[in-house]
Structures are given as structure tokens and as C-alpha cells.
Amino acid sequence: PADRPAEGLHVVITAGPTREPLDPVRYLSNHSSGKMGYALATAAAALGARVTLISGPVALPTPAGVERLDVESAREMHDAAQRLAGDCDLFIGCAAVADYRAEAPAEHKLKKQEGEDTLTLRLVKNPDIIAAVAARPDRPFVVGFAAETRDLAAYAHDKLARKGLDMVVANDVSRVGLGFGADDNAALLLWREGDTTGQADLPPQPKAELAEAVIRRALECLTPPAGD
Ligand code: PMT
């Protein structure tokens, strides 16, 4: 129906940051609040979808009607995404996933070393969660985000191709009042359209509105109107 275009679809969304342990009391993370991902979950549910939210640690309530799975590290988020990816129609990676984790987290709290002014951490690469979803033979429609501080369009085109995505939501996270932690966001939307790339500019607006625009655009790609 026109007011519930996502009826019958299962949408899986990752949101928030990941936490990569250094020792039992410390971790590496980032400033993602989860607001953008939670807004996507709210919008998808309002449009009629069954929604599963794979969430890193955030301080937000679970949106009504949404099933939420809490994870901490990138590897936990990867495992949850792989469990669900074969059973969904649309996968949206909005989480700010740590690209690296500590190679060997300490079993006990790290102590300050007498006489040493530096400490070296050795990091190893985390799995690329969204690229792994997009590489599956039974892949859903895959929407990724691109968080950039310069050359937004160029990096967004690169991520669309390199990660095998169907759509990219590229946001410039250096703009004041938008992006990480903010209530508003703006984005350049890119999607595959046969051999070409469709494009739309979404100006600064509340994350709730931007989220609805992204979901509606993805639904149009997923289920093109009859006669197309
Ligand atoms: O949470 P908020 O405070 O509301 O802020 C929203 C946001 C700025 C975090 C969000 O709009 C956003 O841009 N999310 C993606 C952040 C990010 O990590 O972007 P990236 O360009 O580094 O990653 C590109 C894509 O690959 C993303 O879809 C990301 O989820 C995915 N990725 C990245 C690394 C990795 N190891 N696995 C992944 O799946």
C-alpha cells in the first residue's frame, strides 16, 4: 500500500559505534551516538517493515516495534550481521565501525610503565562488515554510509564500487551541526541505476526526515513501480 511501502520486507540496520577493548577497563571507539541509525530504524518501521537493529553501545531507547540486538566490538557486529544477512531484503550499514582493533588486548589492567614515556599499541584490521554482506550470493539490497571530511563525492563513488554496494549515503562529518552526535544531517545519495549512477542531494534537515528519504529511495530501487 502507498502509506506502507515496506510492508512484508525485513530491514536490518547497524547503528552506533563499536568498542574495541585494550584491557578490561579501556577501549578504542568513536563519537557515533546512534541517532542516524536509530532514525533509519524508526522510519523503516513506520513505512511497514520488520526491522532488526544491530546496535553498538549507545544511550538511546529502542524504537517502538523494532527488534534490537546489542553488540560491542566490530567482530560481534560482523557475526550478528552475517547471521541476519541471508534473511533480509534491505541491509543498511550506518554503524561507525572501528577499522582496527588491538591485536592482543591485555588480560589485566595495563599498568603505567616506570621510566617509559611512550606506549606502543599494535592494531590489526577488523572485518569489513558491509563488504562481507554485499559479497554473499544471497545478498540483500545493500546501503552503506560514507563518513568523509573532504572530497565527499569522489570517496562516495569509490566506496560504492569497492565495497560492492547498491547505494551510498555520503555525509561530510566535518560540517558544524551535522553528522556525529547532531540531530541534523545532510547527505549526497548515490545509487546504481543499471550501468549509470543515480544521484540526489539531501540538504541539512533533521535525521528523522533524512532517514525517511533514504529508506524511500532504497525501496524505489528494490521494488520499481510497475511499468518501469
Ligand atoms: O551515530 P550518529 O551520531 O547519528 O552519527 C551518524 C554517522 C556520522 C555515524 C553516520 O551518518 C555515518 O556516517 N555512519 C558511517 C560511519 C563510518 O564508519 O563510515 P566509513 O566511511 O568509515 O565506512 C563506510 C561504510 O562501511 C559504512 O557503511 C560502515 O558502516 C561500513 N564499515 C566500515 C568499516 C568496517 N570495518 N565495516 C563496515 O561495515
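The structure we're discussing is the one just above.
Because the structure is predicted, anything quoted here is derived from the model rather than measured. (Residues numbered from 1 in each chain as written. Predicted model: local features only at pLDDT ≥ 70, side-chain atom pairs only at ≥ 80, totals over all residues.)

**Looking at the overall build of the chain**
Stage number 1. What the chain contains, in helices and strands, is five helices and 12 strands.
Stage number 2. What you see for the chain is a C-alpha radius of gyration of 18 Å, in line with the 17 Å of a compact globule of 228 residues.
Stage number 3. Here the C-alpha coordinates of the chain stretch approximately 75 × 35 × 35 Å along the principal axes.
Stage number 4. The long-range fraction of contacts in the chain, counting pairs at least 24 apart against all pairs at least 6 apart in sequence, stands at 64%. (Helix = DSSP H or I, 4+ residues; strand = E, 2+ residues; numbered from the N terminus. Rg over C-alpha atoms; globule rule 2.2 N^0.38 Å. Contact = placed C-beta atoms within 7 Å.)

**Points about unusual backbone geometry**
Stage number 1. Although it is not a glycine, Asp 151 adopts a positive phi angle of roughly 45°.
Stage number 2. Secondary-structure assignment places Asp 151 in the loop between strand E9 (141–148) and helix H4 (152–162).
Stage number 3. The class for Asp 151 is exposed, based on 11 C-beta atoms found within 10 Å. (Buried ≥ 20, exposed ≤ 12 C-beta atoms within 10 Å, placed from the backbone.)

**Re the nonpolar core**
Stage number 1. Val 11, Ile 13, Leu 40, Ala 44 and Val 168 are the most contacted members of the largest nonpolar core, which totals 59 residues.
Stage number 2. In terms of residue count, the dominant contributor to this core is helix H1 (residues 35–46) (eight residues).
Stage number 3. Every residue in contact with Val 168, bar those within four places of it in the chain, is listed here: Gly 144, Ala 146, Ala 156, Lys 159, Leu 160 and Leu 190. (Core = buried A, V, L, I, M, F, W, Y, C linked by C-beta atoms within 7 Å.)

**So, the site of the ligand**
Stage number 1. Around the ligand sit 28 residues in total, of which Ser 33, Lys 35, Met 36, Gly 93 and Ile 129 are the nearest.
Stage number 2. At the level of elements, H1, helix H3 (129–134) and E9 are the ones that each hand at least two residues to the shell around the ligand.
Stage number 3. It is E9 that contributes the most residues to the shell around the ligand, four residues altogether.
Stage number 4. Partitioned by chemical class, the residues of the shell around the ligand number 13 nonpolar, 11 polar and four charged. (Near = placed C-beta within 6 Å. Nonpolar A, V, L, I, M, F, W, Y, C, P; charged D, E, K, R; others polar.)

**Some words on the sheet that holds strand E4 (residues 50–55)**
Stage number 1. Ordered in space as E5-E4-E1-E6-E9-E10-E11-E12, the eight strands form an open sheet in which the pairing is mixed. For this open sheet the edge positions go to strand E5 (67–70) and strand E12 (196–206), each flanked by a neighbour on one side alone. Between one strand and the next, the sheet's axes are offset by a mean angle of 15°, whatever the strand orientation.
Stage number 2. Relative to strand E6 (residues 90–93), strand E1 (residues 10–15) is paired through four bridges, and the arrangement is parallel. Looking across to E6, one finds that Ile 13 is bridged to Ile 92. (Pairing = 2+ DSSP bridges. Axes fitted to C-alpha atoms, helices over the stretch in contact; angles between N-to-C directions.)

What is shown is where atoms sit, not what they do.
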